[in-house]
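# Structural overview
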Amino acid sequence: MLDIYNILPFDNPDGGVWKQGFDITYNEHEWDDEPLQVFVVPHSHNDPGWLKTFDEYYRDQTQHILNNMVVKLQEDVRRKFIWSEISFFSKWWSTIDSQKKDAVKRLCELGQFEITTGGWVMTDEANTHIYAMIDQLFEGHQWLERNLGIKPRSGWAIDPFGHTPTMAYLLKQTGISNMLIQRVHYSVKKYLAKQRNLEFFWRQNWDQNGNTDILCQMMPFYSYDVPHTCGPDPKICCQFDFKRLPGGRISCPWRIPPVEIHDDNVQERAKLILDQYRKKSKLYRTKVVLIPLGDDFRYDQWSEWDQQFQNYQKLFDYMNSHPELHVKAQFGTLSDYFDALHKAADSGNSPSPFPVLSGDFFTYADRDDHYWSGYFTSRPFYKRMDRVLESHLRAAEILYSLALVGVQKSNKMAMFPSSENYKLLKEARRNLGLFQHHDAITGTAKEWVVVDYGTRLFHSIMNLKKVIGDSAHFLMLKDKENYKHVPSTPFLQMDDSQASQDSLPQRTTIDLSLIPRFLVLYNPTDQDRISVVTVQINSHKVRVLTASGQPVEAQISAVWDKPTTVSKEVFQVSFVAQISALGLGLYQLVKAPDIKTVPADYTVYLNGREEISIDSPFKINVLKSHTGDITFENSNLKAWFSGTKGFLEKINTKEDKREHQINIQFWWYGTTSNRDKSGAYLFLPNGEAKPYVPSEPPILRITRGPLFSEMVCIYQHFTHSVRLNNVYGIDGLSLEISNIVDIRGEINQEIAMRLITDVKSNNQFYTDLNDFQMQPRQTLSKLPLQANFYPLTTTAYIQDNDVRVTLHSAQSLGVASLKSGQLEVIMDRRLVQDDNRGLGQGLKDNKITANLFRVLLERRIGVDMQDEGNKAVNYPSLLSHKINSNLNHPVIPMVMNPNVDGIPPLLNLYSPLMSSMPCDMHILNLRTIEGKDEGSPSDEAALIIHRMGFDCRFLNKNTGLFCSTTRGKIPVHNLFRVLKIQHLIPSTLTLMHTAQDHNNTRDIELNPMEISTFRIQLS
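What counts and how
- Residues numbered from 1 in each chain as written.
- Predicted model: local features only at pLDDT ≥ 70, side-chain atom pairs only at ≥ 80, totals over all residues.
- Heavy atoms only, no water.
- Phe/Tyr/Trp six-rings, centres within 6.5 Å; stacked < 30°, edge-to-face > 60°.
- Helix = DSSP H or I, 4+ residues; strand = E, 2+ residues; numbered from the N terminus.
- Buried < 20%, exposed > 50% of the residue type's maximum accessible area, 1.4 Å probe, protein only.
- 1 Å grid on protein atoms, 1.4 Å probe; cavity = no way out; pocket = protein on both sides within 12 Å on 5 of 7 lines; lining within 4 Å.
- Points joined across faces, edges and corners; volume = space filled by probe spheres on them.
- Nonpolar A, V, L, I, M, F, W, Y, C, P; charged D, E, K, R; others polar.
- Expected span 1.5 Å × (residues − 1).
- Bend = angle between axes of the 7 residues up to and from the residue.
- Pairing = 2+ DSSP bridges.
- Lys, Arg positive; Asp, Glu negative; His and termini not counted.
- Salt bridge = Lys/Arg side-chain N within 4 Å of Asp/Glu carboxyl O.
- Polar contact = N/O pair within 3.5 Å; in protein donor to acceptor, adjacent residues only side chain to side chain.
- Contact = heavy atoms within 4.5 Å.
- Core = buried A, V, L, I, M, F, W, Y, C linked by side-chain atoms within 4.5 Å.
- Disulfide = S-S within 2.5 Å.

This part is about the packing of aromatic side chains. Here the distance between the centres and the angle between the planes together describe a pair of aromatic rings. Counted according to the given criterion, the structure contains 62 aromatic pairs. Centre to centre, the rings of Phe89 and Trp143 are 5.8 Å apart; their planes meet at 85 degrees, and the pair counts as edge-to-face. Of this pair, Phe89 sits in helix 3 (residues 86–93) while Trp143 is found in helix 5 (residues 130–147), placing the two residues 54 residues apart along the sequence. Residue classification places Phe89 among the buried positions, given a relative accessible area of 0%.

This is the structure we're talking about:
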């Protein structure tokens, strides 16, 4: 795709009736030897939330569509219909009787009704993380297998705003062999249409031999509605959308209405639409053409089923009974079309007619300079919440699966809340799945719909804390005979809580006494880990001890109620915890008679504000202002900050004694004064960004202590903090950045954080797609500024021959590198107007939003930038992968409930794995499969493993990695410490198909970048 971007002029000439295309001509004898096969595919695009909530849409429209479908398809065996969203379908299924269910199964068997993709939703492809993309496919596919016994064969994605090759990879891994996409930049569509390359094998950029190829059709025109799907002329196609017959609610904007088909006009009407079919087919390489027939929430009324199906059948009957037209037209499902396509393409001995294409389809523009790069950031509060739910769900899935095996072994099933917690897991999977919808995580729904999504996310985070606590409780008991579950007094309590769906989480305070308070820490990563863990306590006189009573290095910090006031009631204690991979560790907090733990020192620069006197146990130095630099250092890095602004200026890496400029700045983007302005979808700035100029200088607060030092700068619109941890290992090798952003008072402003470095990146940068793969990007001057923004899920970097600077993110945002050596992210956007894409609202419901990042600087060795610039593939380092994993899967602290009746003996640690996973192998999930009874677990789980690609051309002697690489092999008997593997069966991604030779596997073996699923039974 980068090659295509370099060729394209990105001009926008008027193409005639097909505005963004060109005039299509044909010779009518082209089909004399081989007739044109036309498949008209009726569909209804159902958004699980957009202008209404999921439940409102279901009540008002979706249930009627599906009820009508059952009746109307049975009236004529030639009728067909496709459906995608299992979230809606499963809700409907749970309300219908067995007679109706049998009818649906019969329609599936007859090939009249097809489920396409089969995911919980039609997922967004820009902001979504690979974990959630897989999970919503899993939820849909497992539901289909349980209830309908069917396995989807084709993918259908007509509405996501741009497309990722990650989706192509995942569909292929589930066993799906064809897919269709629609929203792609109009210039790219036109270019591919000219070459007749709109059907291609989509191949992953690391793939040398075509194992990842999946046949993909790109729709050629502006939209998936009827006017833009029968052919190039919407004025004509609209006349064949029979829902728009005069007297109905909607009409044709081109002012020529449809007419009913009858014997007197059928010849003229059939020839008119056949001309469109033929023209559309000229953009493809075979004589088979796909004609979708549908739109948003269509077919919700009986009348529309009759209007569309009866009128089209008359047209088909006419065409098919006139051999001189050389056409065979019929209703079809998506797979009917692809089956005919493969048959046409494979006839004869010539090689496949379809080209191979690699890369992605971002950033999308549907017309003019209207680039859809706004939604990469819109409503970042919920994009962050999505990631919190995701890490909680993965943690809960794994702990629950491990606890369940232990509970079965020790005959405690009657006590353990296995079904109750499985239902909470299932609900969380579905709430996370629902939020992956392309109007949910994108931030492009109505305000009250956003509240509905947020409430679901919020409830599931709360519920998963219970599942994690219940599972950890069982696993940490020394003697499982002591296990008892008392719902009113949970054994473990979480260390943070959230008051409502739109507020930031707050730490809960642990009350100390001379009797030790036990802390259980869960490490959700698959690597042994040394991390700084912070909890909130009610006294600064504290000792932190290991389970066996050894003192642990710790630091006491103040809790600041306001920028310059220190709380006297609560304090934070941070300590260095060591926890094994996927394991639980035990620590004690004891109130000490004297101060045993080192308190942090503080310096506060007031910059012109009133003097303050702070009465506290901390040494706090209050100064008026500072002009020189402020520095922090640990054994790996030294960082310089501006004494006036508080922003990072440069970093010295001690390993090679080199200084690197990394200057953090904040900038504002406005919106254009033209008629079309930025909104939830579109980013239409009024030129380049303007520097953030504060109305008053910041308050700077500097913390120094044995475990970390931190710079906090408090500005009107954000509080920006940079922390340097002073620990061995991964957490001491990068800078932690947190921004608490509040732009609720702004009008048409977007706030960006920019890193300005001395890296000679030459307008090239790299962004991740769904935290699965890196995609090279080029900042092109021929494109408008907003077109050079791309989605960031977790990772973006710039590099030259010597250095790579990586920005890791704990939430999806829009990212760009507008000048050499720069990297910037948009952190929030507040826009007062709609951008004319159907939402009918601006973005005015901003929250106080937390954004978290890590910045990593790595020294490269043995690299040639010239050579690298031409390659389509690039990888993070192993260190970068691990920093990303620690950022997105923080340690989860739990505190023993003081009201528990008698504390039973606990294990000092629980380590389920023999050792850390190999450095490049990541356990994406260990997901318990549903049992025979709905809502209860089976004794099997899905083990999903990803082998990550990585770049090893870095100078890294002391990366603090506790793992090695094993060339993609894991001997199965070496995986778990105590648990035995009863069976391990290789399977497709979502367990739809079992591998051919499904004997028990002795070794897990993966190629770089591969994701594999195994059906596993542990005991």
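This brings us to the layout of surface pockets. Summary: where empty space remains is shown by rolling a probe the size of a single water molecule over the atoms. As a volume, the second largest pocket reaches approximately 980 Å³. Lining the second largest pocket are 40 residues, and of these Tyr222, Ser223, Asp225, His228 and Arg367 lie nearest its centre. Where the lining of the second largest pocket is concerned, the elements lending two or more residues are helix 8 (234–237) and strand 8 (288–296). In the lining of the second largest pocket, the residues fall into 16 nonpolar, eight polar and 16 charged.

With 21 residues, helix 2 (residues 54–74) extends 28 Å from end C-alpha to end C-alpha; this agrees with the ideal 30 Å at 1.5 Å per step. Where helix 2 bends most, at Asp60, the angle is about 45 degrees. Restricting attention to buried positions, one finds in helix 2 the residues Phe54, Tyr57, Tyr58, Gln61, Thr62, Ile65, Leu66, Asn68, Met69, Val70, Lys72 and Leu73.

The next subject is the sheet that holds strand 21 (residues 598–599). The sheet built from five strands is open, its strands ordered 14-16-19-18-21 with mixed pairing. The open sheet is flanked by strand 14 (509–510) and strand 21, the only strands paired with a single partner. In the sheet, strand 18 (residues 554–562) pairs with strand 19 (residues 565–579) via seven bridges, with the strands oriented antiparallel. Within strand 19, the residue paired with Ala558 across the bridge is Phe571.

Among the structural elements, Asp828 can be located in strand 40 (residues 822–830). One buried charged side chain, Asp828, makes no salt bridge at all; its nearest oppositely charged neighbour is Arg829, positioned 7.1 Å away. At 3.2 Å, the side chain of Asp828 and the side chain of Asn846 are in polar contact.

This part is about the environment of Ser809. Turning to its location among the elements, Ser809 is positioned in strand 38 (residues 803–809). In the structure, Ser809 is positioned 167 residues away from Phe976 in sequence and 31 Å away in space, judged by C-alpha atoms. When sequence neighbours within four positions are dropped, the list of residues in contact with Ser809 reads Arg387, Leu792, Thr793, Thr794, Leu852, Phe853, Leu887 and Asn888. Engagement of the side chain of Ser809 in a polar contact is seen with the backbone oxygen of Gln811, the distance being 2.5 Å.

Taken as a whole, this structure holds 13 cavities of 30 Å³ or more when the rule is applied. Taken as a whole, the largest cavity spans an internal volume of roughly 420 Å³. Looking at the largest cavity, it is lined by 36 residues, and the ones nearest its centre are Asp771, His881, Asn884, His946 and Met948. Breaking the lining of the largest cavity down by element, the ones donating at least two residues are helix 5, helix 12 (380–409), strand 35 (773–778), helix 16 (878–888) and strand 44 (921–930). Per-element tally for the lining of the largest cavity: the top contributor is helix 16, with six residues. Across the lining of the largest cavity, the residue classes break down as eleven nonpolar, 18 polar and seven charged.

This part is about the nonpolar core. Phe89, Phe113 and Tyr277 are the most contacted members of the largest nonpolar core, which totals 253 residues. Looking at which element gives the most residues to this core, the answer is helix 12, with 15 residues. If near-sequence neighbours (up to four positions away) are discounted, Tyr277 is found in contact with Leu36, Val38, Val40, Cys230, Val289, Ile291, Tyr312 and Met319. Listed in part, the 34 residues of the second largest apolar core include Ala558, Val573, Leu589 and Val604.

Applying the stated criterion across every chain yields a total of three disulfides. A sulfur-sulfur distance of 2.1 Å marks the disulfide that ties Cys238 to Cys252. Here Cys238 and Cys252 share a disulfide; its torsion about the S-S bond, -100 degrees, makes the bridge left-handed. Taken together, the residues span a long stretch of sequence, with Cys238 in the loop between helix 8 and helix 9 (266–281) and Cys252 in the loop between helix 8 and helix 9 at a distance of 14 residues. Looking at Cys238, the relative accessible area reads 0%, which means it is buried. Looking at Cys252, the relative accessible area reads 8%, which means it is buried.

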